[in-house]
Amino acid sequence: LADQPHQLILPDGPLVLIADALRLKHHGCEHALYSMALKPAHRSLAFLCEPVLLEGRESAGRWRQAIGCLPELLRQRIAAAVTDGFPGAGPICSDYGWTHQRCHWHMLMMFRGSIHLEPRPRTLLRRIRNVACRAAWLALNVPDSDRLQDILGLMTALIPMVPKRARKLPGIIRRFVIDVY
């Protein structure tokens, strides 16, 4: 089975590339496993591609190498890519002429730590983070573009309210608004 090349046979039409990498360490040497799936644009079923294992940390150059392992005919059919927003994802998509979308799960995880199950002191920062997290979830699920603009406006209005000690939160909110808009 390992001697036979992995061959994907996909329905005709445009494709969406779904890509993520997993960091691995083996005998002190770092590797990244580049996982990709191709989904016909108008279907909800994705087809897994052969994973690519490369030495070193995840990087834009290694992503280019991994994407280069896809058959040329399939690469030409890709219209969009969904990623975790790894450094270089935007330029890679631009080079190929693909639309880039950040994975909604990864976008929401930027706000991780915002919602806790155990009771915690209700500080201003915690309230702002909870509002930002809930607004982010709404922004990703609202079908109405006018309502989306209201939600993004609310998130932008939260930025000046963030206490100085929370240095990263304003940047997280700004990045989310840019990615969604």
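Quick note: structure is the one above.
Remember, predicted model here, so these are calculated numbers, not experimental data. (Residues numbered from 1 in each chain as written. Predicted model: local features only at pLDDT ≥ 70, side-chain atom pairs only at ≥ 80, totals over all residues. Heavy atoms only, no water.)

Attention shifts here to helix α5 (residues 124–141). Look at α5: 26 Å from first C-alpha to last across 18 residues, which is about the 26 Å you get at 1.5 Å a residue. Within the span of α5, buried status applies to L125, I128, N130, A132, C133, A135, A136, A139 and L140. Residues of α5 that are buried make contact with α4 (104–109), α6 (145–158) and α7 (168–180). (Helix = DSSP H or I, 4+ residues; strand = E, 2+ residues; numbered from the N terminus. Expected span 1.5 Å × (residues − 1). Buried < 20%, exposed > 50% of the residue type's maximum accessible area, 1.4 Å probe, protein only. Contact = heavy atoms within 4.5 Å.)

Of note in the backbone geometry, H27 takes a positive phi value of approximately 50 degrees without being a glycine. Considering the arrangement of structural elements, one finds H27 in the loop between β1 (15–26) and β2 (29–40).

So, about the side chain of T83. Take T83: it is sitting in strand β5 (residues 78–83). Judged by its relative accessible area of 4%, T83 falls in the buried class. Looking at T83, its side chain comes within polar contact range of the side chain of H100, at 2.6 Å. Not counting residues within four places of it along the chain, the set of residues in contact with T83 comprises A19, A89, H100, Q101, R102 and C103. (Polar contact = N/O pair within 3.5 Å; in protein donor to acceptor, adjacent residues only side chain to side chain.)

For the rest of this paragraph, the subject is a nonpolar patch on the surface. On the surface, a cluster of nonpolar side chains totalling about 260 Å² of accessible area is made up of L22, L24 and L53. Here L53 is to be found in strand β4 (residues 52–55). (Patch = residues over 30% accessible without salt bridge, like charges linked within 9 Å, V, L, I, M, F, W, Y side chains within 5 Å. Areas by Shrake-Rupley, 256 points an atom, 1.4 Å probe, with all protein chains shown as cover. Salt bridge = Lys/Arg side-chain N within 4 Å of Asp/Glu carboxyl O.)

Okay, the environment of S59 next. Within the secondary structure, S59 is located in the loop between β4 and α1 (60–68). The class for S59 is partly exposed, based on a relative accessible area of 23%.

On to the pattern of salt bridges, then. Note on pairing: side chains with opposite charge can pair once their charged atoms come close. All told, the structure shown has six salt bridges when counted by the stated rule. One salt bridge connects E30 with R23, and the closest N-O pair in it is separated by 3.6 Å. Of the charged contacts in the structure, one is a salt bridge between D179 and R175, with a shortest N-O distance of 2.7 Å. Here R175 and D179 lie together in helix α7, a separation of four residues that amounts to about one turn.

What follows deals with the packing of aromatic side chains. On inspection of all chains with the given rule, the structure shows three aromatic pairs. Seen in terms of ring centroids, Y34 and W63 are 4.8 Å apart; in terms of plane orientation they differ by 85 degrees. Their pairing is edge-to-face. A residue pair is termed long-range when its members are at least 10 positions apart, and Y34 in strand β2 and W63 in helix α1 qualify at 29 residues. By relative accessible area, W63 is classed as buried at 0%. Judged by centre distance (4.8 Å) and plane angle (15 degrees), the ring pair of W63 and F86 falls under stacked. Taken as a pair, W63 in helix α1 and F86 in the loop between β5 and α3 (89–96) lie far apart in primary sequence, 23 residues in all. Taken together, the ring pairs connect Y34, W63 and F86 into an aromatic cluster. (Phe/Tyr/Trp six-rings, centres within 6.5 Å; stacked < 30°, edge-to-face > 60°.)

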